[in-house]
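Structure at a glance
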Protein chains: 2
Amino acid sequence: MKGFKFNGIKAGIKKKDVMDFGIIFSEKPATAAALFTQNKVVAAPVILGRERIKAGVCQAVVVNSGNANCFTGKKGVKDAEQTAALTAHALHIAPELVMVASTGVIGAPLPMDRVEKAIPDLVDTMEPDRVDAFATAILTTDTTAKISTRECRVKGGRFTITGVAKGSGMIKPNMATMLSFVVTDLDISSILLQSCLKKACDRSFNRICVDGDTSTNDTVIALANGMSKAVLEDSDDSIEFQRCLDEVLLELSRMVVRDGEGATKLVKIQVEGAATPEDALKIAETVAQSNLVKTAVYGEDPNWGRIIAAAGRSGAAMEPDTVDLRFGDVFLVKDGTWQGTAAEVEAAKVMQDKEIEIVLDLKMGQGRDWYLFCDFSEEYVKINADYRS
Amino acid sequence: MKGFKFNGIKAGIKKKDVMDFGIIFSEKPATAAALFTQNKVVAAPVILGRERIKAGVCQAVVVNSGNANCFTGKKGVKDAEQTAALTAHALHIAPELVMVASTGVIGAPLPMDRVEKAIPDLVDTMEPDRVDAFATAILTTDTTAKISTRECRVKGGRFTITGVAKGSGMIKPNMATMLSFVVTDLDISSILLQSCLKKACDRSFNRICVDGDTSTNDTVIALANGMSKAVLEDSDDSIEFQRCLDEVLLELSRMVVRDGEGATKLVKIQVEGAATPEDALKIAETVAQSNLVKTAVYGEDPNWGRIIAAAGRSGAAMEPDTVDLRFGDVFLVKDGTWQGTAAEVEAAKVMQDKEIEIVLDLKMGQGRDWYLFCDFSEEYVKINADYRS
């Protein structure tokens, strides 16, 4: 990856003595695209980011964990601006070229004294190979850092895409996810980058669910600095770039779900044969969000009745008498008929896997869509009953 | 209560040796009203019930727990019809005067040999004072029977309303709840009874949430046999009947939420000052369904940020800078400003109560609405991971 540096350090923003402050820096101003949360309540960095992304250019992104800088009023926006300004000063670049992202507890003011004190160190110790440190510094309840890289080749040259994400709870993104940062040394316009990012998010972060809650801080930022000299020469090249970007974001999405708070299993619900694509999505989303489905998965119980019931309340058209439902390769329902106890015993074996595919075929039309979700364990309750204490 | 008999017995439908078969019988054919689930997948008794309620008259309701008779195809509908026919035969009444309701596991056939064997005993030992036995026989994961009674007086005379409900999980009713049965000895038309029942449900069962899942078997049936000789003489009388019916259903709703699977607390979210009544309901519903809010309540954490975030993703209009939020009498947010650590310490004390009121005032308009919900504990996960095993 040409021309990008990363860093992650301890700034004392979190109570625990762990890394909580990170930066991505491009040697040249980069083409930029971003997606933000659709929540009506948005964090200060999102307010600032929505303004700054309009220029389509960005050179550095500063991220803190441990404090969401959300519901912090005008002071919160000033703090975000000040964080960007101090970083820009240390980097000797214009303040408008710096974007900010935050994640953590809602409602507490950002400890600006610690932020200010940490910025020189953050900038001074950046390195091209410190992406791991960055990916670690942005985590909250996550148990693992999430990085995905693809080496890509188009007619116009070779380039690299690296994506980083954090997210473990409050995950049911709407047009964006918790926090994710994608950098590439491809030469690409901000308009095309924005369009590709939107499509890739719709096929990744917008198809995952941990707990059905949408964060106030969800942000995805993509930076392309063109330093590989690779360009997209024709529509085939664009398609190849989209394919690589999709892969990176989908891999990150799977990492987020697999690391869902208290999760022990990753499940894909695939809906086929819905009357419309919208109906397919409605059903996939409703199944992925059902606490009863998620607890049954945790209990390794092929409780197909809960999946049928969730589909039935989704609002989508459905004829119970025609549906097929299978867990892996095991059909539990065929043409609306339960396949008996022996099939349940087989399906129970499928449920013991760490990754499970459930396929519901409505046989009504061509609509198909999917969702990734995790199971729901006592551990999720423990984590979220105790999060602030 | 004049002219009603009840019963509950053990029929061997449940694996455990407990009561699982119940009946309500009116000495005279009663005016009847009913509401059913809006789930697209509906149980056989709901298919039968929707047909039979059209006549507006009913004399007996037979209910089993332990088996939902749902997703059981044509045989399921035949089994429901057969259950009604056998009961009618034992009661010496027309089969069309019997309605059926079922609750329990989805997908397994109803054990008709046991049902058939139990009916004579169920009918022979009915008594006016066995409403407790009936209320117990219809339970599944519930820990307590749920009965509410009001003695009412209108210009046209005195009468009684008794309501019974079951429900503990899969609770986010849509136009109806799990199972509830209301009987009165008032003389009232089926059209007015249906209208009053609909209104009362909208103010009770349609404002509660345990886990956000909607059952395939949700049914509320009201029977009025007129044997008190009381009638509604004018609109004041109708209003008084509505008030009494509302009270009975609201009390039952509170019992259902309090007995929510794994629940330790009952919470009311009251939304004030929304732009529209629809917006108020959207916010109340979204807060009540948020797993993050529910786990915070379980942890006795006044985590107001999660309430604000849930309101923000509800789709309702909202200006974060103007809102007030209080837990009981303790304001945590005033005019969009956090009230500080001292306020949080006070709010944490409020959270220790068994019943908690949370009030969110948006100051945008006149829209107001509310929802009742319970907290979310490890116990919910345990119950639902193990339900079928």
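Criteria and cut-off values
- The residue numbers shown here count from 1 along each chain, following its written sequence.
- Each chain takes a letter, starting from A, and each ligand takes a number, starting from 1, following the order in which they are written.
- Local features are withheld for residues below a pLDDT of 70 in this predicted model, meaning they are given only at 70 or higher, and side-chain atom pairs are given and counted only at 80 or more; totals for whole chains, interfaces and linings count all residues.
- Based on all heavy atoms of the structure, the side-chain values leave hydrogens and waters out of the count.
- Put simply, DSSP marks the helices as runs of H or I at least four residues long and the strands as runs of E at least two long, and each gets a number from the N terminus on.
- C-alpha atoms define the radius of gyration in this analysis, and the globule rule sets the expected value at 2.2 Å times the number of residues to the power 0.38.
- Exposure classes here rest on a 1.4 Å probe applied to the protein chains alone. A residue is buried below 20% of its type maximum, exposed above 50%, and partly exposed in between.
- By definition in these notes, contact holds between two residues if any of their heavy atoms fall within 4.5 Å.
- For every accessible area listed, the method is Shrake-Rupley and the probe measures 1.4 Å; residues are considered covered only by the protein chains on display.
- Residues scored as charged are limited to Lys and Arg (positive) and Asp and Glu (negative), so that His and the chain ends carry no count.
- Every charge is mapped to an atom, namely NZ of Lys, CZ of Arg, CG of Asp or CD of Glu.
- Least-squares superposition of the copies uses the C-alpha atoms of those residues scoring a pLDDT of at least 70 in each of them.
- If DSSP finds at least two bridges between two strands, the strands pair.
- Simply put, an axis is a line fit to the C-alpha atoms, just over the touching stretch for a helix, and the angle between two N-to-C directions goes from 0 to 180 degrees.
- Domains are outlined according to an automatic or database domain assignment.
- The quantity reported as buried area is the accessible area (1.4 Å probe) lost by two parts once they are put together, taken as the sum for both.
- What counts as a salt bridge is simple: a side-chain nitrogen of Lys or Arg found within 4 Å of a carboxyl oxygen of Asp or Glu.
- UniProt positions are given in the numbering used here, feature names are shortened, and annotations may be inferred rather than shown by experiment.
- Think of a polar contact as two N or O atoms within 3.5 Å of one another; within protein, one of them needs to be a possible hydrogen donor and the other a possible acceptor, and neighboring residues in sequence only count if both atoms come from side chains.
- For Phe, Tyr and Trp, rings pair up if their centres lie within 6.5 Å, where Trp contributes its six-membered ring, and each pair is then called stacked (planes under 30 degrees apart), edge-to-face (over 60) or tilted (otherwise).
- When the NZ atom of lysine or the CZ atom of arginine is within 6 Å of a ring's centre and also within 35 degrees of its normal, the charge is said to sit over that ring.
- The classification used treats Ala, Val, Leu, Ile, Met, Phe, Trp, Tyr, Cys and Pro as nonpolar, Asp, Glu, Lys and Arg as charged, and all other residues, Gly among them, as polar.

The subject of this paragraph is the overall build of chain A. Secondary structure summary: chain A contains eleven helices and 15 strands in total. A globule of 389 residues ought to have a C-alpha radius of gyration of about 21 Å, and chain A, at 22 Å, matches this closely. Considering only C-alpha atoms, chain A reaches an extent of 70 × 55 × 35 Å along its principal axes. Across the 389 residues in chain A, those meeting the buried criterion constitute 63%. Of all intrachain contacts in chain A linking residues separated by at least 6 positions in sequence, the fraction that spans at least 24 positions is 80%. Carbon and sulfur atoms make up 51% of the accessible area of chain A, which amounts to about 14100 Å² in all. Taken together, the 46 basic and 54 acidic charged side chains of chain A have centroids lying 3 Å from each other.

This part is about the relation of the copies chain B and chain A. In the superposition of chain B on chain A (RMSD 0.0 Å, axial shift 0.0 Å), the rotation amounts to 180°. With respect to symmetry, the two chain copies, as superposed, fit the operation of a two-fold axis. It is B:Glu378 whose C-alpha, among those of chain B, lies nearest the rotation axis, at 2.3 Å. When the interface residues of chain B are mapped onto chain A, 100% of them again lie at the interface, so the same face is used by both copies.

Now for the sheet that holds strand E12 (residues 330-334) of chain A. All names here are of chain A. In space, the seven strands of this open sheet follow the order E8-E15-E10-E14-E11-E12-E13, with mixed pairing throughout. A single partner strand is all that each edge strand has here, and the edge strands are strand E8 (208-209) and strand E13 (337-338). Looking at chain direction, E8 and strand E15 (residues 367-374) are connected through two bridges and run parallel. Bridge pairing in E15 places Ile208 opposite Leu372. Each of E8, strand E10 (266-274), strand E14 (355-361) and E15 is contacted by helix H6 (residues 235-258), which is oriented at about 45° to E15, the strand it contacts most. Contacts between helix H7 (residues 277-289) and the sheet are confined to E8, E10, E14 and E15, with E15 contributing the most and set at about 15° to the helix.

The next point concerns the domain arrangement of chain A. Residues and elements named next belong to chain A. When its domains are assigned, chain A resolves into domain 1 (4-258) and domain 2 (266-386). Taking the mean C-alpha position of each, domain 1 and domain 2 sit 33 Å from one another. Listed per partner, the contact involves 14 residues of domain 1 and 15 residues of domain 2. Taking both partners together, domain 1 and domain 2 bury about 1300 Å²; carbon and sulfur atoms supply 61% of that area. Counting every contact that joins domain 1 to domain 2 gives three salt bridges.

Under the present numbering, the feature "binding site: substrate" (unreviewed entry) in UniProt falls on A:Thr140, A:Lys166, A:Thr177, A:Glu261, A:Asn384 and A:Ser389. On the secondary structure map, A:Asn384 appears in helix H11 (residues 378-386). Leave out the neighbours within four places in its chain, and A:Asn384 touches A:Glu261, B:Leu292, B:Thr295, B:Ala296 and B:Arg306. A polar contact is formed between the side chain of A:Asn384 and the side chain of A:Glu261, at a distance of 2.7 Å.

This part is about the packing of aromatic side chains. Aromatic ring pairs are described here by two measures, namely the spacing of the ring centres and the angle between the planes. According to the stated counting rule, one finds nine aromatic pairs over all chains in the structure shown. Pairing A:Phe71 with B:Trp304 gives two aromatic rings, centres 5.4 Å apart and planes at 65°, and the pair type is edge-to-face. Highlighted residues: A:Phe71 in the loop between strand E3 (57-67) and helix H2 (73-91) and B:Trp304 in helix H9 (residues 304-312), drawn from two different chains. Pair check on accessibility: A:Phe71 and B:Trp304 agree, each one buried. For the ring pair A:Phe376 and B:Phe376, a centre distance of 5.5 Å and an interplane angle of 75° mean the geometry is edge-to-face. Separated into two different chains, A:Phe376 in the loop between E15 and H11 and B:Phe376 in the loop between strand E15 (367-374) and helix H11 (378-386) make up a pair that spans both. A single burial state applies to A:Phe376 and to B:Phe376, both of which are buried. Clustering of aromatic rings is evident, with ring pairs tying together A:Phe376, A:Tyr380, B:Phe376 and B:Tyr380. Against the face of A:Phe331 rests A:Lys334, its NZ or CZ located 4.8 Å from the ring centre.

Let us look at the interface of chain B and chain A. At the interface, 50 residues of chain B touch 50 residues of chain A. Taking both sides of the interface into account, the surface hidden between chain B and chain A amounts to around 4400 Å²; carbon and sulfur atoms contribute 60%. On inspection of chain B and its partner chain A, the count reaches nine residue pairs in polar contact (both at pLDDT 80 or more). Listing elements by their share of the side of chain B that touches chain A, those giving two or more residues are helix H8 (291-298), H9 and H11 of chain B. Classifying every residue of the side of chain B that touches chain A gives 24 nonpolar, 16 polar and ten charged.

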